[in-house]
Amino acid sequence: MAVEEVFKEASKHAEEVLMEFSAGAKNLAGELSATVAGLAGELSESAMETAVDANAAASTASVAAKHWCQHMMDSFNTADLLTLQNVLYALLAASLIVILIMELSKPRLKLPPGPKAVPVFGNWLQVGNDLNHRNLSDMAKKYGEIFLLKMGVRNYVVVSSPQLAKEVLHTQGVEFGSRTRNVVFDIFTGKGQDMVFTLYGDHWRRMRRIMTVPFFTNKVVQQFRHAWEEEIEFVIKDLKADPTASTTGCIVRKRLQLMMYNIMYRMLFDRRFETMDDELFKMVSSMNRERSRLAQSFDYNYGDFIPILRPFLSGYLKQCQELKDKRLAAFKKYFMDERKKLLDARKARGEIGHPKVAIDHLFESQEKGELSYDNVMYIVENINVAAIETTLWSIEWGVAELCNNPEMAQRIREELDTMLGRGNLITEPDVARCVYLTAFVKEVMRLHMAIPLLVPHMNLKQEKLGGYDIPAESKVLVNAWWIANDPALWEEPEKFNPDRFLTNGIDASGNDFRYLPFGSGRRSCPGIILAMPLLHLVLGRLVQTFDLLPPPGVDKIDTTEKGGQFSMFIKTHYNMVVRERSD
Ligand code: HEM
């Protein structure tokens, strides 16, 4: 065979071999990037697939090479083979140079600053599990208003200034408008079939639109405000009737929790629980508590950060799955099915004109085909955590601050007495006029922000932020707590001082990026319309009725905080003396 032909043949086969390799490499790169992006639930599988792909590529290449060698052996003499060897070396060298040039000419990412990452673990071993708002604030002092943490395969981008918060939430609100989930949240939200943890897109838009009518309008507030006021009256009645409350003290949170359940369950299902001993209440509240504990814990981080460790998480995930199934089944059986029966019976009797509660609107949307039954279920699940707990935590902080600052409680009382006349408890329409009470509520949420890092945001594609490249599918944490507690922006931020809000004109609606207890922009909290008046009503009515005091022998209520993946609550459910006002 002529050398020319040998060359042609060799280059054809070499090309095939290279193509096989590059397809294998592409697969490998694709799988690896999926892994790096942390596509939830796929990680260990993708690691397997990667290995399989790499194997497949290698074996295809080796088969091709073997085949080709055999073919060459059959047709060459020794001299031909030597020439061919040289040709192959040249080809190999040329290919390597091409690959190198392509690699070098790829645009380099300008990543945000951050601690130096080690392979596999990234920064995880340095920064640990507990990425709470305070630890992240310390890191912001070191690395700046934007920094990157590599937590195994996950990228955490932490933003700690009003300017960058505005970029994430407002200016680039669409780009950063998705949510990250993780293996545990995937279970509880059915991979984002809910509203809170879903990606930014059509599903989210539809859910948000449909949820607005039953929950987030002033009409809803007006429809239910009497129910809210009544529930607070029941709390007052029960506290008055409890002899320990006024002597050794009681854990007021327990009764307030029942109140929050009743407020939200009346809005959702037109249902309430009579007492804290109600079996159904005990069941639902304990399942919600467990759901929060499992989702907010840092214990499952290792399986989230390092996919190959995920098999060790199987026990934890099984526990989550079982709880989720049990919990959703209970929502269905005891509340959704019951309501459906009632609605069907009313329909059969031709009764019309009953005021609708939230689930009735959601069933209607389901009948129109706008929502699936599962979507309705996940809305119920979302409300149980997003609405009840956050508001309860904030109330609990507020009551603690009232107790620790009796002069402020007195000021609120005087404001309400002057405005409404002693004995007339505050109602929702009064809220807008209670300047000092409003300042107090805002200060509670500045210092004790219930969701201090907001609910994590995520960019689906690679984006620019603060002059840096943010890799696709990064978890973007806005440290709203630090922004509202940064001494560069706030005078004596560590001091609980409602007066600051009397003059600074800042409100909680997300217009001022120094203060974002409910976030801002597209993914901001729609529940603000309910939460703000509720906080005013509960704290206002308690102060109008009671002196709130630390229990005997205690100077101040302990306001040590405890954080979760992105929540913050008071560490100890404190005991407190609740005595009818003495002035
Ligand atoms: C004091 C009480 C509350 C606080 C501090 C609070 C805070 C927040 C925060 C910080 C976010 C995330 C914002 C972001 O990621 O940019 C959020 C989201 C959300 N909140 Fe609230 N919230 C409260 C009460 C409520 C209530 C009462 C409801 C419903 C009745 C509710 C429903 C929601 C929902 C559905 C979302 C997800 C919005 C979305 O992803 O589009 N929240 N909340």
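Just so it is clear, the model here is predicted, and its values are computed rather than measured.

## With respect to the overall build of the protein
Inference 1: Looking only at helices and strands, the protein has 20 helices and 11 strands in total.
Inference 2: With 583 residues in all, the protein has 52% of them scored as buried.
Inference 3: Look at the contacts in the protein between residues 6 or more apart in sequence, and 74% of them connect residues 24 or more apart.
Inference 4: Only carbon and sulfur atoms are counted for the fraction: they give 58% of the accessible area of the protein, which is about 26,700 Å².

## Points about the coordination of the iron atom of the ligand
Inference 1: The protein supplies the iron atom of the ligand with one donor atom, Cys525 (SG), which lies at 2.2 Å.
Inference 2: Residue position: Cys525 is located in the loop between α19 (500–503) and α20 (528–545).

## Focus: a nonpolar patch on the surface
Inference 1: Residues Val118, Val120, Phe121 and Leu125 make up a contiguous nonpolar surface patch of about 370 Å² in total accessible area.
Inference 2: The topology assignment puts Val120 in the loop between α3 (78–105) and α4 (124–127).

## Digging into the side chain of Asn382
Inference 1: Here Asn382 is to be found in helix α15 (residues 373–404).
Inference 2: Taking the relative accessible area as the measure of exposure, Asn382 reaches 3% and is therefore buried.
Inference 3: Residue contacts for Asn382: discarding those within four places in its chain leaves Asp194, Met195, Val196 and Ala387.

## Quick look at the sheet that holds strand β3 (residues 178–179)
Inference 1: Strands sit in the order β1-β2-β7-β4-β3 across an open sheet of five strands; the sheet is mixed. The sheet is open, and its two borders are formed by β1 (146–151) and β3, each paired with just one other strand.
Inference 2: Bridge count for β1 against strand β2 (residues 154–159) is six bridges, and the pairing is antiparallel. Its bridge partner lying in β2, Lys150 is registered against Asn155.
Inference 3: Each of β1, β2 and β7 (475–478) touches helix α5 (residues 133–143); the most contacted strand, β1, lies at about 120 degrees to it.
Inference 4: Against the sheet, helix α6 (residues 162–171) contacts β1, β2, β4 (457–458) and β7, and its axis sits at roughly 130 degrees relative to β7.

## Some details on the packing of aromatic side chains
Inference 1: Evaluated as defined, the whole model comprises 23 aromatic pairs.
Inference 2: Their ring planes at 75 degrees and their centres at 5.3 Å tell us that Phe440 and Phe496 sit as a pair that is edge-to-face. Here the residue Phe440 occupies a position in helix α17 (residues 435–447), and Phe496 occupies one in the loop between α18 (480–483) and α19, the gap between them amounting to 56 residues.
Inference 3: With a relative accessible area of 0%, Phe440 lands in the buried category.
Inference 4: Positioned above the aromatic ring of Phe363, the side-chain terminus of Lys340 is 4.3 Å from the ring centre.

## Remarks on the pairing of β1
Inference 1: Extensive coverage of β1 is indicated by the burial of five of its six residues.
Inference 2: Following β1, the chain reverses through two residues before pairing antiparallel with β2; Gly152 in that reversal takes a positive phi of roughly 60 degrees.

## Some details on the environment of Met267
Inference 1: By the secondary structure assignment, Met267 is in helix α10 (residues 252–269).
Inference 2: Spatially, the C-alpha atom of Met267 lies 8.5 Å from that of Ile359, the residues being 92 residues apart in sequence.
Inference 3: With near-sequence residues (within four places) excluded, Met267 lies in contact with Val220, Phe224, Trp228, Val357, Ala358 and Leu530.

## What to know about the packing of helix α9 (residues 218–241) against α20
Inference 1: Where α9 contacts α20, the axes come no closer than 10 Å and their chain directions differ by 30 degrees. Comparing the axis directions of α9 and α20 gives the class roughly parallel. When the axes of α9 and α20 are compared, the crossing they make is right-handed. Here Asn218, Val221, Trp228, Glu229, Ile232, Glu233, Ile236, Leu239 and Lys240 of α9 lie close against α20, whose contacting residues are Ile529, Leu530, Pro533, Leu534, Leu537, Val538, Arg541, Leu542 and Thr545.

## Section: the environment of Tyr378
Inference 1: Turning to its location among the elements, Tyr378 is positioned in helix α15.
Inference 2: When its relative accessible area of 5% is taken as the criterion, Tyr378 is described as buried.
Inference 3: In this structure the C-alpha to C-alpha distance between Tyr378 and Met195, which are 183 residues apart in sequence, comes to 7.8 Å.
Inference 4: Polar contacts involving the side chain of Tyr378 include one to the side chain of Lys324, which spans 2.7 Å.

## Details of the site of the ligand
Inference 1: Neighbouring the ligand are 26 residues, the closest being Arg179, Trp204, Arg208, His457 and Cys525.
Inference 2: A distance of 3.3 Å separates an oxygen atom of the ligand from a polar backbone atom of Val455.
Inference 3: In this structure, Arg523 approaches the ligand through a side-chain N or O atom, which is 2.9 Å from an oxygen atom.
Inference 4: For the shell around the ligand, the secondary structure elements donating two or more residues are α8 (202–215), α15 and α20.
Inference 5: Looking at the shell around the ligand, the element that brings in the most residues is α15, giving six residues.
Inference 6: Its residues assigned to classes, the shell around the ligand shows 17 nonpolar, six polar and three charged.

## A closer look at helix α14 (residues 358–367)
Inference 1: Restricting attention to buried positions, one finds in α14 the residues Ala358, Ile359, Asp360, Leu362, Phe363 and Ser365.
Inference 2: Contact partners of the buried residues in α14: α8, α10, α13 (314–348) and α15.
Inference 3: Within two residues after α14, Gly369 carries a phi angle of roughly 85 degrees, on the positive side.

## Considering the packing of α14 against α15
Inference 1: One way to put it is that α14 packs onto α15 with a least axis distance of 9 Å and a crossing angle of 160 degrees. Compared by their axis directions, α14 and α15 come out roughly antiparallel. Between α14 and α15 lies a crossing whose hand is right-handed. Here Ile359, Leu362, Phe363 and Gln366 of α14 come into contact with α15, specifically with Tyr373, Val376, Ile379 and Val380.

## With respect to the confidence of the model for the protein
Inference 1: In this model, the protein carries an average pLDDT of 88, and 85% of its residues clear a pLDDT of 70 or more.
Inference 2: For the stretch residues 16–65, pLDDT sits under 50, and the model shows 38 contacts to residues farther than four places along the chain or on other chains.

## Some remarks on α8
Inference 1: The first and last C-alpha atoms of α8 sit 20 Å apart over 14 residues, in line with the 20 Å expected at 1.5 Å per residue.
Inference 2: Among all positions in α8, only Trp204, Met207, Arg208, Ile210, Met211, Pro214 and Phe215 are buried.
Inference 3: Each element contacted by the buried residues of α8 is listed here: α9, α10, α14, α15 and α20.

## With respect to the pairing of β2
In regular strands, side chains alternate between the two faces of the sheet.
Inference 1: Among the six residues that make up β2, six are buried, leaving the element largely enclosed by the rest of the structure.
Inference 2: Side chains Arg154, Tyr156 and Val158 project from β2 onto one buried face, and the interleaved Asn155, Val157 and Val159 project onto a second face that is buried too.
Inference 3: Examined bridge by bridge, β2 and β7 share four bridges and lie parallel to one another. If you follow Val158 over to β7, its bridge partner there is Leu477.

Analysis parameters
Residues numbered from 1 in each chain as written. Predicted model: local features only at pLDDT ≥ 70, side-chain atom pairs only at ≥ 80, totals over all residues. Heavy atoms only, no water. Helix = DSSP H or I, 4+ residues; strand = E, 2+ residues; numbered from the N terminus. Buried < 20%, exposed > 50% of the residue type's maximum accessible area, 1.4 Å probe, protein only. Contact = heavy atoms within 4.5 Å. Areas by Shrake-Rupley, 256 points an atom, 1.4 Å probe, with all protein chains shown as cover. Donors = N, O, S within 2.8 Å, 3.2 Å for Na, K, Ca; no water. Patch = residues over 30% accessible without salt bridge, like charges linked within 9 Å, V, L, I, M, F, W, Y side chains within 5 Å. Salt bridge = Lys/Arg side-chain N within 4 Å of Asp/Glu carboxyl O. Pairing = 2+ DSSP bridges. Axes fitted to C-alpha atoms, helices over the stretch in contact; angles between N-to-C directions. Phe/Tyr/Trp six-rings, centres within 6.5 Å; stacked < 30°, edge-to-face > 60°. Lys NZ or Arg CZ within 6 Å of the ring centre and 35° of its normal. Parallel < 35°, antiparallel > 145°, perpendicular 65-115°, else oblique. Left-handed = near helix turned anticlockwise from the far one by under 90°. Polar contact = N/O pair within 3.5 Å; in protein donor to acceptor, adjacent residues only side chain to side chain. Near = heavy atom within 4 Å. Nonpolar A, V, L, I, M, F, W, Y, C, P; charged D, E, K, R; others polar. pLDDT = per-residue confidence, 0-100. Expected span 1.5 Å × (residues − 1).

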